[in-house]
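# Chains, contacts and geometry: an overview
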Amino acid sequence: MSYSIKSFFAMLLPKFFWKRYKFTILFGSSIVTMLWLLSTLKNIASLKSGDVFSDPVPVQRFFGSQFTKYNIRKPIPETWLQRTKCPACFGEDFCQAIKREELVLTVDKMFVPEVANFAFGTYRNENVVVKRLGTNHYFDVYDQFICGNTTKVSEGCDVGDTAWRSYIGSQNAMLISELETAYKFVGKPPGHLTNNLCLTPKLLKEMEHLYSRLRDSITVQERAVMYTSMLINYEAILGKYLTAKHSDKWKFPMYYGACGRIVIEEHGGIPLARYTAAPWKMRAALGLQLLRMIEDFVAKDAEWLIIYPDIRYPNFAVDKDGYVLAIDLDNVMIIDKKNVENYIKNVEVPEYCNGDCFRSLAQGFQSDLSQRPQHCAKVSLLAKDLMYAMLCQKIFSDSSDHKGYHMFDNKKTSVRQERGLLHSPPEDTVYFQQLLNECVAQTGPDGRHEAVSQIKSFLEKFALTSN
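What this report covers is the structure whose coordinates are included nearby. Model, not experiment: these values are computed from the prediction.

## Re the sheet that holds strand E9 (residues 316-318)
Sheet architecture is open: three strands sit in the order E7-E9-E10, paired in antiparallel fashion. Each edge of the open sheet carries a strand with a single partner, namely strand E7 (270-271) and strand E10 (324-326). The pairing of E7 with E9 spans two bridges and is antiparallel. Counted as the bridge partner of Pro-271 is Ala-317 from E9. Contacts from helix H12 (residues 280-299) reach E9 and E10 within the one sheet, and its direction differs from that of E10 by about 40°.

Spelled out as structure tokens, the structure:
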């Protein structure tokens, strides 16, 4: 501490007070000075980064914490786990962490375990989401299927003991032809298991390796767990697969594991819809991230293509670092690029695709199963068009013509209440809306892709950067 600062405090404070507390005062001022220097050095370092998304969106500085109201700590309800029904479950790799009480729910006073299907929690100081994937109805039907048509679960069938000796643990259960029609075993309608529609032996084998302790083979119990995940809710198996194989390519929440009939995932962050009130530059940066996400889904991996067919506000969040995550994996499709190459030459694709074209894509999966490979090839060719159109309609546009339009059934649904993320641009409002209109429904060949290119250029002029 310099002599001038000592003199300053000596003159400012009464003599007896200075004499008695001078060491405390000097120590405290030294700490404050040190913290200020550290903060300054941190800010200088952040300015040196050249990556446009190195400090993409200052989430906490704009909204504060999203967890303030979830302050009641509770253990995982036993009725959620149902571990005794394993291997008719999502797995048991996270059960030891729960037993050690490393995972604790953080809920509000309105939390009712019997009704809730998810809850927030903390695991090793990280915010997580605990999900009950699958409704009670689907699991009841599934349990009865396991126990057989003649034995009711309520009359003494032990699901856990029966599962590994039942059909779900057999090799036949993992045949692609069987998985394509497995929806009937849980009372779901045809085409509901979207994720199974373009499944290939190569993808199936990669997923089997995740469940197998011995990489060259999978046990009956492990197969039963994998089958349950594929049938009840694909999010369990996709979260596991994407975290293990592709976390460096695509923006999805980290999958931590499963215990019984729950899974634990990274908390995605603040809902994207809340950012409609953010400044334009922040929204422009988020818009660029969403466009880049779609490009990555299609082109980031040489072997696999992601189709995210449910693009809407509830399925996206912004994490603590300011990055957009796709937080719902329920309908995600993974396409094997090498496999569809064999069928692309025999597929006819229209010059441009809008509502009727997209509807025919969705309906095609419910037609002849023998044409499924050709249909997967067609979907892969139109994947970027589909995702761009849905992004512009469901999230970007603030037009009343787009808010209530349902792309797959050509009729108005309940009108979206949230504003479009890219509402109120600072300039060229009419021109920018024309670009969004062309993105939703193109008027000529390649019109959508040209519009998306112009939207990107428009947003890049305003997006937040680190310098």
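## Quick word on the pattern of salt bridges
Opposite charge on two side chains lets them pair, provided their charged atoms get close. Taken as a whole and assessed by the stated rule, the structure comprises 20 salt bridges. With a closest N to O distance of 3.0 Å, Asp-143 and Lys-85 form a salt bridge. Placement of the pair is Asp-143 in helix H6 (residues 136-147) and Lys-85 in the loop between helix H4 (78-81) and helix H5 (95-99), with a sequence separation of 58 residues. We classify Asp-143 as buried; its relative accessible area is 2%. The partner of Glu-235 in a salt bridge is Lys-131, with the nearest N and O atoms 2.6 Å apart.

## Focus: the state of the cysteines
Per the stated rule, a full pass over the model turns up six disulfides. Each sulfur of the disulfide joining Cys-147 and Cys-157 lies 1.8 Å from the other. Classification of the bridge connecting Cys-147 and Cys-157 rests on its S-S torsion, roughly -80°, and on that basis the disulfide is left-handed. Placement of the pair is Cys-147 in helix H6 and Cys-157 in the loop between H6 and helix H7 (159-163), with a sequence separation of 10 residues. Summarising the burial analysis for this pair, Cys-147 and Cys-157 share the class buried. Here Cys-353 pairs with Cys-357 through a disulfide, and the sulfurs are 1.8 Å apart. Sign of the S-S torsion, about -100° for the bond between Cys-353 and Cys-357, identifies this disulfide as left-handed. Note on Cys-353: relative accessible area 1%, which makes it buried. Under the relative-accessibility criterion, Cys-357 is labelled buried at 14%. In the protein, numbering the disulfide-bonded cysteines from first to last in sequence yields the connectivity 1-2, 3-7, 4-5, 6-10, 8-9, 11-12.

## Brief notes about the packing of aromatic side chains
Going through the model one piece at a time under the given rule, you end up with 16 aromatic pairs. When the ring of Phe-90 is compared with that of Phe-139, the centres are 6.0 Å apart and the planes differ by 65°; the resulting orientation is edge-to-face. Taken together, the positions of Phe-90 in the loop between H4 and H5 and Phe-139 in helix H6 put the pair 49 residues apart, joining distant regions of the chain. Among the residues examined, Phe-90 registers a relative accessible area of 2% and is labelled buried. Ring plane angle 90° and centroid distance 6.1 Å describe the contact between Tyr-167 and Tyr-227, whose orientation is recorded as edge-to-face.

## A look at helix H9 (residues 201-211)
Buried residues of H9: Leu-203, Leu-204, Glu-206, Met-207, Glu-208 and Tyr-211, and no others. On its buried face, H9 sits against helix H8 (176-179), helix H10 (220-232), helix H11 (235-246), strand E8 (304-307) and strand E11 (333-336).

## Considerations on the pairing of strand E4 (residues 126-131)
As paired strands, strand E3 (residues 118-123) and E4 are joined by six bridges and run antiparallel to one another. In the sheet register, Phe-120 faces E4, and the bridge partner there is Val-129. Hairpin connection of E3 to E4: two residues between the antiparallel strands, including Arg-124 at a positive phi of 50°. Direction of pairing for E4 relative to strand E6 (residues 262-266): antiparallel, over a ladder of four bridges. The residue bridging Lys-131 from the neighbouring strand is Val-263, located in E6.

## Notes on the pairing of strand E5 (residues 255-259)
Consecutive side chains along a regular strand alternate between the two faces of the sheet. Where burial is concerned, most of E5 is hidden: four out of the five residues are buried. Sheet topology note: the E5/E6 ladder contains four bridges and is antiparallel. Directly across from Cys-259, in E6, lies its bridge partner Ile-262. Here E5 folds back onto E6, and the loop between the two strands holds two residues, one of which, Gly-260, carries a positive phi near 65°.

## So, the packing of helix H15 (residues 372-396) against helix H17 (residues 429-440)
Where H15 contacts H17, the axes come no closer than 7 Å and their chain directions differ by 130°. Accordingly, the angle class assigned to the pair H15 and H17 is oblique. Here the hand of the crossing between H15 and H17 comes out left-handed. Here Tyr-388, Ala-389, Cys-392, Gln-393 and Phe-396 of H15 come into contact with H17, specifically with Leu-436, Cys-439 and Val-440. Here the residues of the contact of H15 with H17 are counted per class, giving seven nonpolar, one polar and no charged.

## Some remarks on the environment of Ile-455
With respect to the helices and strands, the residue Ile-455 is situated in helix H18 (residues 447-460). Residues Ile-455 and Leu-435, 20 residues apart in the sequence, show an inter-C-alpha distance of 6.7 Å. Other than its neighbours up to four places away in sequence, Ile-455 contacts Leu-291, Cys-392, Phe-432, Leu-435, Leu-436 and Cys-439.

## Looking at unusual backbone geometry
Residue Pro-87 is bonded to the preceding Cys-86 through a cis peptide linkage, with omega at 15°. Inspection of the secondary structure assignment puts Pro-87 in the loop between H4 and H5. In this structure, Asn-125 takes a positive phi of about 70° despite not being glycine. Here Asn-125 is to be found in the loop between E3 and E4. Judged by its relative accessible area of 77%, Asn-125 is exposed. With a phi close to 50°, Asp-428 is a non-glycine residue in the positive phi region. Here Asp-428 falls in the partly exposed class, since its relative accessible area comes to 42%.

Cut-off values and rules
Residues numbered from 1 in each chain as written. Predicted model: local features only at pLDDT ≥ 70, side-chain atom pairs only at ≥ 80, totals over all residues. Heavy atoms only, no water. Pairing = 2+ DSSP bridges. Helix = DSSP H or I, 4+ residues; strand = E, 2+ residues; numbered from the N terminus. Contact = heavy atoms within 4.5 Å. Axes fitted to C-alpha atoms, helices over the stretch in contact; angles between N-to-C directions. Salt bridge = Lys/Arg side-chain N within 4 Å of Asp/Glu carboxyl O. Buried < 20%, exposed > 50% of the residue type's maximum accessible area, 1.4 Å probe, protein only. Disulfide = S-S within 2.5 Å. Phe/Tyr/Trp six-rings, centres within 6.5 Å; stacked < 30°, edge-to-face > 60°. Parallel < 35°, antiparallel > 145°, perpendicular 65-115°, else oblique. Left-handed = near helix turned anticlockwise from the far one by under 90°. Nonpolar A, V, L, I, M, F, W, Y, C, P; charged D, E, K, R; others polar.

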